[in-house]
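What follows is the residue order along each chain.
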Amino acid sequence: MNKIIDGKAIAQQIKDECREKVAQLKDKGNKFTLAVVLVGSDPASTVYVKNKKKACEYIGIDSLSYELPEESSEEELLKLVEELNTNEKVTGILVQLPLPKHIDEDKIISAIDPNKDVDCFHPMNIGNLSIGRPGFLPCTPAGIIELLKRSDIEIAGKECVVIGRSNIVGKPMALLLLRENATITIAHSKTKDLANVTKRADILIVAVGRPKMITAEYVKEDAVVIDVGIHRDDNGKLCGDVDFMSVAPLCSAITPVPGGVGPMTIAMLLSNCIV
Ligand code: NDP
């Protein structure tokens, strides 16, 4: 019997836990405000920002919106980030990516106060993570760890393969799995005989950014498959990096798209906002 991991339900659990924590902290006089910065009007980014603000409202924390025109300069954005860094009311800063091409994303991320970097993209926070220091957790990978744990899937000692080595998903995913005592392989576009590598995985995390690329030939029987990808197929329907119809029959657990990893990213962002 295959098990479809319900990311929507698990994300809701986490949001409810956050809401309870916020209520308790408010009683002690603690307040949280997330500043959300959007540059331009990319439709996907606009939806993500709207959902993040709605989620803040749900758990009972304030959010401030900063919507800058597409043609804003790097200097203007850096100035805003600096203002938010020094604004004592603001406890978290989120600059929605991707930024317009004329703005250097690394420069902006590095300008955010690491103590307010709720996305956990700042080099200092990633450095802390890599040497096992406490701090913010990268949202999508931390959401995947929660999905596994709350589905009673053991991670320690398991053979884990992560497809993808981006700074946002693949690399921090491997760091978090290592912290959970898994044995990790990271595969990428230069990996030779990918299927031979991925077939070793007890837990396969797919963040390859290619719609439905991972089919049954890449998956060991009874593996757990986590699909990070989000795409629209030719019919405009959401799909992942995994070909769900081909893989689901042979694995022991799998995340669907939508309703798998996606909702967890926002839930873990909220969790970072109230640390
Ligand atoms: P990137 O495009 O930054 O990274 C893709 C990775 O896949 C790269 O490391 C690349 O290798 C590797 N890759 C590409 N083609 C192949 C191939 N044929 N064989 C093996 N490896 C390959 O993507 P992201 O990490 O940002 O995102 C991955 C997916 O997750 C996307 O679909 C994205 O939309 C989704 N996503 C979903 C989130 C969520 O909340 N659910 C959050 C963030 C992302 P190389 O480094 O060699 O180029």
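Higher on the page you've got the structure.
So, here is what we can say about the structure in this document. (Residues numbered from 1 in each chain as written. Predicted model: local features only at pLDDT ≥ 70, side-chain atom pairs only at ≥ 80, totals over all residues. Heavy atoms only, no water.)

Take the pairing of strand E3 (residues 62-68) next. Bridging between strand E2 (residues 33-39) and E3 involves 7 bridges; their strand directions are parallel. Bridged to Leu34 within E3 is Ser63. For the handedness criterion, the β-α-β arrangement of E2, helix H2 (residues 43-59) and E3 is classed as right-handed. (Pairing = 2+ DSSP bridges. Helix = DSSP H or I, 4+ residues; strand = E, 2+ residues; numbered from the N terminus. Right-handed = clockwise from strand over helix to strand, strands pointing away.)

By volume, the largest pocket is sized at about 1600 Å³. Tyr48, Ile230, Gly262, Thr265 and Ile266 are, among the 49 residues lining the largest pocket, the residues nearest its centre. Sorting the residues of the lining of the largest pocket by element identifies helix H1 (7-27), H2, strand E4 (92-95), helix H6 (139-150), strand E9 (231-232) and helix H10 (261-273) as the ones contributing at least two each. Among the elements that make up the lining of the largest pocket, the one with the highest residue count is H2 (9 residues). (1 Å grid on protein atoms, 1.4 Å probe; cavity = no way out; pocket = protein on both sides within 12 Å on 5 of 7 lines; lining within 4 Å. Points joined across faces, edges and corners; volume = space filled by probe spheres on them.)

The linkage connecting Leu97 with the following residue, Pro98, adopts the cis geometry, with an omega of 0°. One can find Pro98 in the loop between E4 and helix H4 (105-111). Here the bond from Val257 into Pro258 is cis, since omega is 0°, no more than 30 degrees from zero. Phi at Asp152 takes a positive value of approximately 60°, unusual for a residue other than glycine. Counting through the fold element by element, Asp152 comes out in the loop between H6 and strand E5 (159-163).

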